[in-house]
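Below, each chain spelled out in residue letters.
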Amino acid sequence: MSSKNKTLGEFIIENQTEFRYSTGELSKLINAIRLAAKVVNHEVNKAGLVDILGSAGDTNIQGENQQKLDVLANEKFIQTLKNREIVCGIASEEEDDFISINSQDENHQNKYVVLIDPLDGSSNIDVNVSVGTIFSIYRRVTPVGTPVTLEDFLQPGKNQVAAGYIIYGTSTMLVYTTGHGVNGFTLNPAIGTFYLSHPNMQFPETGKIYSVNEGNYIHFPQGVKDYIKYCQKEEGDRPYTSRYIGSLVSDFHRNMIKGGIYMYPKSSKAHKGKLRLLYECNPMAFLAEEANGKASDGFQRIMEIQPTELHERVPFFCGSKKMVETAEEFMANS
Ligand code: AHG
Ligand code: MN
Ligand code: MN
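Residues numbered from 1 in each chain as written. Chains lettered and ligands numbered in written order. Predicted model: local features only at pLDDT ≥ 70, side-chain atom pairs only at ≥ 80, totals over all residues. Heavy atoms only, no water.

- Under an unreviewed UniProt entry, the name given to the protein chain is Fructose-1,6-bisphosphatase class 1, and the source organism is Flagellimonas algicola.
- UniProt annotates the protein chain under Subunit (unreviewed entry) with the comment "Homotetramer." (UniProt positions renumbered as here; feature names shortened; annotations may be inferred.)

Next up, the structure:
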């Protein structure tokens, strides 16, 4: 069978045995995410038609204005995962604290926690530009059958068992890894089925695209300024092209296919950068490394960082290996 005819459902079943200690639980979880993705996709697609555009009139714990679709996507994901009784805990960008599931029931044996950015790229919702969802999955570290604790969520990215994103773009795709490469599935909206359209995705070793919000240039550390000037210099395969959508998922997806680097450095305005370690940077870092790319905070591997807070932020440099390495050299030399 050609890979293009293989559905995500079939792929999950075929690859179930790849997981260590597999009991089918992780497969069921990915299935639940597949379902939630379809539900959110449906909402995102009709966003212009019904009253779900614009602000929800509230701010999340990080002081950001919540869009209605942020709130809706958050509800749909949490509901789908809760209803299937498939995880023991969920943390989300849109929730102040983590959610413990079935914490009263001593018989519940669920081992996995999920961390999500339900709607990434919120500023693009109202203008019909690609947005996404990001997820990260860990095995809990506390005993099964007990309520989850913060410790279960504050694990370094290298402990992830699976991670991925959904991109609601010109077509909707689900891209994920369980530590055996990265595979991308495209939704056929007519029948609501995801097909394996991008098997074994890989970042080109190097590329010609740099993605950064250059409006913040004067606030960037000297190393980042120097690297941006290097990208713009007429020399060898440069200047590079600048492309910045403002949805991490979309910028990452393009760079993985075409070759490029995404940067959200710290600045004199945002001392730890903007992106969140647990549900933005770690899952993207896992995908990047599984796709022969690299993810760093400018100095060290993202997935080595020991988190101390659920919503902590971190500078982020991610993409084609050679480009991230060059950016790191500029950081080290400045
Ligand atoms: P979110 O919509 O989940 O808050 O994330 C937005 C993030 C990321 O997706 C994007 O790359 C970045 O913020 C854009 O930030 P700027 O507008 O500051 O460039
Ligand atoms: Mn985000
Ligand atoms: Mn978000």
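Next comes the rest of the account.
1. Things to note about the overall build of the protein chain
Moving on, step 1. Secondary structure summary: the protein chain contains eight helices and 15 strands in total.
Moving on, step 2. Taken against the 2.2 N^0.38 rule, which gives 20 Å for 334 residues, the C-alpha radius of gyration of the protein chain at 19 Å falls within 12% of a compact globule.
Moving on, step 3. The principal-axis extent of the C-alpha atoms belonging to the protein chain is close to 60 × 45 × 45 Å.
Moving on, step 4. Burial analysis of the protein chain (334 residues in total) assigns 55% to the buried set.
Moving on, step 5. For the protein chain, restricting intrachain contacts to residue pairs at least 6 apart in sequence, the fraction spanning at least 24 positions comes to 67%.
Moving on, step 6. Where the 33 positive side-chain charges of the protein chain centre and where its 40 negative ones centre are 5 Å apart. (Helix = DSSP H or I, 4+ residues; strand = E, 2+ residues; numbered from the N terminus. Rg over C-alpha atoms; globule rule 2.2 N^0.38 Å. Buried < 20%, exposed > 50% of the residue type's maximum accessible area, 1.4 Å probe, protein only. Contact = heavy atoms within 4.5 Å. Lys, Arg positive; Asp, Glu negative; His and termini not counted. Charge placed at Lys NZ, Arg CZ, Asp CG, Glu CD.)

2. Digging into the site of ligand 1
Moving on, step 1. What surrounds ligand 1 is a group of 17 residues, the closest being Asp120, Ser122, Tyr244, Tyr262 and Tyr264.
Moving on, step 2. A distance of 2.8 Å separates an oxygen atom of ligand 1 from a polar side-chain atom of Ser122.
Moving on, step 3. In this structure, an oxygen atom belonging to ligand 1 sits 2.7 Å away from a side-chain N or O atom of Tyr262.
Moving on, step 4. In isolation ligand 1 offers 470 Å² of accessible surface; the protein chains occlude 86% of this area.
Moving on, step 5. Among the elements of the structure, β5 (112-120) and β13 (260-264) are those that each provide at least two residues to the shell around ligand 1. (Near = heavy atom within 4 Å. Polar contact = N/O pair within 3.5 Å; in protein donor to acceptor, adjacent residues only side chain to side chain. Areas by Shrake-Rupley, 256 points an atom, 1.4 Å probe, with all protein chains shown as cover.)

3. Here's the deal with the domain arrangement of the protein chain
Moving on, step 1. Each assigned domain of the protein chain is listed here: domain 1 (3-198) and domain 2 (209-333).
Moving on, step 2. On a C-alpha basis, the centroid separation for the pair domain 1 and domain 2 is 23 Å.
Moving on, step 3. Listed per partner, the contact involves 51 residues of domain 1 and 33 residues of domain 2.
Moving on, step 4. Of the roughly 2900 Å² buried between domain 1 and domain 2 on both sides combined, carbon and sulfur atoms contribute 63%.
Moving on, step 5. Taken as a group, Ile134, Leu154 and Tyr165 account for 20% of the area that domain 1 buries against domain 2, more than any other trio of residues on that side.
Moving on, step 6. Residue Lys158 is joined to Glu304 by a salt bridge in which the shortest nitrogen-to-oxygen separation is 3.2 Å.
Moving on, step 7. Viewed at the interface, domain 2 and domain 1 are joined by 16 residue pairs in polar contact (both at pLDDT 80 or more).
Moving on, step 8. Within the residue set of the side of domain 1 that touches domain 2, elements represented by two or more residues are β3 (89-92), β5, β6 (131-139), α4 (150-153), β7 (162-168) and β8 (172-177).
Moving on, step 9. When residues of the side of domain 1 that touches domain 2 are assigned to their parent elements, the largest contribution, seven residues, is made by β6. (Domains from an automatic or database assignment. Buried area = accessible area lost by both parts, 1.4 Å probe. Salt bridge = Lys/Arg side-chain N within 4 Å of Asp/Glu carboxyl O.)

4. Examining the coordination of the manganese ion (ligand 2)
Moving on, step 1. All of the protein donors around the manganese ion (ligand 2) are Asp117 (OD), Asp120 (OD) and Glu280 (OE); their distances to the metal are 1.9 to 2.2 Å.
Moving on, step 2. In primary sequence terms, the donor set of the manganese ion (ligand 2) follows D-x2-D-x159-E. (Donors = N, O, S within 2.8 Å, 3.2 Å for Na, K, Ca; no water.)

5. Here's the deal with the UniProt feature "binding site: Mg(2+) 2" (unreviewed entry) in the protein chain
Moving on, step 1. This chain's UniProt record puts "binding site: Mg(2+) 2" (unreviewed entry) on Asp117, Asp120 and Glu280. For the residues just named, distributed over 164 residues, the greatest C-alpha separation is only 8.6 Å, placing them together at one site.
Moving on, step 2. Checked against the element boundaries, Asp117 lands in strand β5.
Moving on, step 3. Accessibility expressed as a relative area gives 0% for Asp117, which makes it buried.

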